[in-house]
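A look at the structure
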Amino acid sequence: MAALSWLLIPIMAVIAASVWGSWASRRRTGIPDSAGVAGYERFRAAMERSREEEQVGGFDPEPPAEPVVTGASAGADRTARTAD
């Protein structure tokens, strides 16, 4: 009888995994496809407008600043250590 109770544990795990798998793979219909496509088209149009403004001259980026080199990254101490 104890062997049958130990066999119930993996069987219940398989049942729980199959229930979870079917729940996780269900089709979610919260947002219709047409609304998602329309939102993507609005995003693309906004990105195209910003690209046109950048090319026309509405956007003037500053040149990049010079990198700051600190003592730690300059590698001032290049002595090699030797094993005793």
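Residues numbered from 1 in each chain as written. Predicted model: local features only at pLDDT ≥ 70, side-chain atom pairs only at ≥ 80, totals over all residues. Heavy atoms only, no water.

Digging into the overall build of the protein
Along its length, the protein carries three helices and zero strands. Beginning at the N terminus, the succession of helices and strands in the protein can be written as α-α-α. Every one of the 84 residues in the protein was classed for burial, and the buried ones make up 0%. When the accessible area of the protein is evaluated, it comes to approximately 8400 Å², of which 62% is carbon and sulfur surface. (Helix = DSSP H or I, 4+ residues; strand = E, 2+ residues; numbered from the N terminus. Buried < 20%, exposed > 50% of the residue type's maximum accessible area, 1.4 Å probe, protein only. Areas by Shrake-Rupley, 256 points an atom, 1.4 Å probe, with all protein chains shown as cover.)

Describing the confidence of the model for the protein
Mean pLDDT over the protein works out to 77, with 64% of the residues at or above the 70 mark. Ranking the elements of the protein by mean pLDDT puts helix α3 (residues 71-74) last with 54 and helix α1 (residues 2-24) first with 93. (pLDDT = per-residue confidence, 0-100.)

Considering a nonpolar patch on the surface
Residues M1, L4, L7, L8, I11, M12, I15 and V19 make up a contiguous nonpolar surface patch of about 850 Å² in total accessible area. Positionally, I11 belongs in helix α1. Among the residues examined, I11 registers a relative accessible area of 40% and is labelled partly exposed. (Patch = residues over 30% accessible without salt bridge, like charges linked within 9 Å, V, L, I, M, F, W, Y side chains within 5 Å. Salt bridge = Lys/Arg side-chain N within 4 Å of Asp/Glu carboxyl O.)

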